[in-house]
Amino acid sequence: MDLFFNKLPYDSIEEIGPAKIYFGAVGVCLILFLISFFTTLSAVNLERETLTEKIVDTEYTLEKYFKVVASKHEVLKNLSLKTGELNMKKKQLPSEEALSKLLVKITRLGKKRNVDIVYFKVADGMVDDFYKEIPMHFRFRGGLWETMDMFATLQNMLQIVHVKNMSFKVVKDENKSQVLSSFIGSSYVYIDGL
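Residues numbered from 1 in each chain as written. Predicted model: local features only at pLDDT ≥ 70, side-chain atom pairs only at ≥ 80, totals over all residues. Heavy atoms only, no water.

K.L.:
Describe the packing of helix α6 (residues 102–112) against helix α7 (residues 144–155), with residues and values.
P.N.:
Where α6 contacts α7, the two axes come as close as 10 Å, and the packing angle between them is 150°. The orientation of α6 relative to α7 falls into the category roughly antiparallel. Here the hand of the crossing between α6 and α7 comes out right-handed. Residues I106, L109 and G110 of α6 pack against M150, T153 and L154 of α7. Each residue belonging to the contact of α6 with α7 can be placed in one class, and the counts come to four nonpolar, two polar and no charged. (Axes fitted to C-alpha atoms, helices over the stretch in contact; angles between N-to-C directions. Helix = DSSP H or I, 4+ residues; strand = E, 2+ residues; numbered from the N terminus. Parallel < 35°, antiparallel > 145°, perpendicular 65-115°, else oblique. Left-handed = near helix turned anticlockwise from the far one by under 90°. Contact = heavy atoms within 4.5 Å. Nonpolar A, V, L, I, M, F, W, Y, C, P; charged D, E, K, R; others polar.)

See below:
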């Protein structure tokens, strides 16, 4: 410390005078004050701009929520209508469990009409909204009129809605001609959980 004080030019400091020292100190303080003021001011301005943007966003969101709350009755009305429509459509469609009972029912119908079910396969269906369209591949063997009666019965069943891609072939079995028919029947089932 002594080295530092020994190097100070005391002669030139004595010539400056107290008024100049005060003005110099005031000038240095003014410069330091201006630097700190503008540094703080720019930070405050940046924070103020950020808060102003947040206020504008919050006011917009609040107005949007007020509009939603104001239309609550209309939303509830539309929701009730859509729920009612959905429940009506669900009641019209059979469940997937009812579809598994379909083969037993078709087998009984075939026995009553002397038609053998040679082939039955349920393919993967296409899912849409709350239901699934399930194609079922059938192959029957029996007499012509019995087979036609079987088709008419299947077409009128609630579970099988659509019959397509029908093909017929006559085969001889034990000196008796029979019709071997194949087709695809589509059914729609309700998917639980949707």
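K.L.:
Mind laying out the pairing of strand β3 (residues 131–142), listing which residues take part and the relevant values?
P.N.:
Taken together, the six bridges between strand β1 (residues 116–122) and β3 define a ladder with antiparallel strand orientation. By the bridge assignment for β3, D116 is matched with R141. Direction of pairing for strand β2 (residues 126–128) relative to β3: antiparallel, over a ladder of three bridges. For M126, the partnering residue across the bridge sits in β3 and is E133. (Pairing = 2+ DSSP bridges.)

K.L.:
For α6, give the residues involved together with the corresponding values.
P.N.:
All buried positions along α6 are accounted for by L102, I106, L109 and G110. One side of α6 carries all its buried residues, which in axial view fall inside an arc of 100°. Set apart from the buried face of α6 by more than 90 degrees, the exposed residues are R108, K111 and K112. Positive backbone phi, approximately 60°, marks N114, located one or two places after α6. (Buried < 20%, exposed > 50% of the residue type's maximum accessible area, 1.4 Å probe, protein only. Arc of directions from axis to C-beta.)

K.L.:
Tell me about the nonpolar core, and name the residues and values.
P.N.:
One finds I106, F138, F140, M150, L154, M157 and F183 to be the most contacted residues of the largest nonpolar core, which totals 15 residues. Counting only elements with at least two residues in this core, the list comes to α6, β3, α7 and β5 (176–190). Element by element, the count of residues in this core is highest for β3, at four residues. Among residues more than four places away in sequence, those in contact with F183 are M136, H137, F138, F140, F151, L154, V163, K164, N165 and M166. (Core = buried A, V, L, I, M, F, W, Y, C linked by side-chain atoms within 4.5 Å.)

K.L.:
So, the pattern of salt bridges: which residues are in play, and what are the values?
P.N.:
Under the criterion given, the structure shown has one salt bridge. Of the charged contacts in the structure, one is a salt bridge between R113 and D149, with a shortest N-O distance of 2.8 Å. Within this pair, whereas R113 is found in the loop between α6 and β1, its partner D149 is found in helix α7, the two being separated by 36 residues in sequence. Owing to a relative accessible area of 19%, R113 belongs among the buried residues under this scheme. A relative accessible area of 36% places D149 in the partly exposed class. (Salt bridge = Lys/Arg side-chain N within 4 Å of Asp/Glu carboxyl O.)

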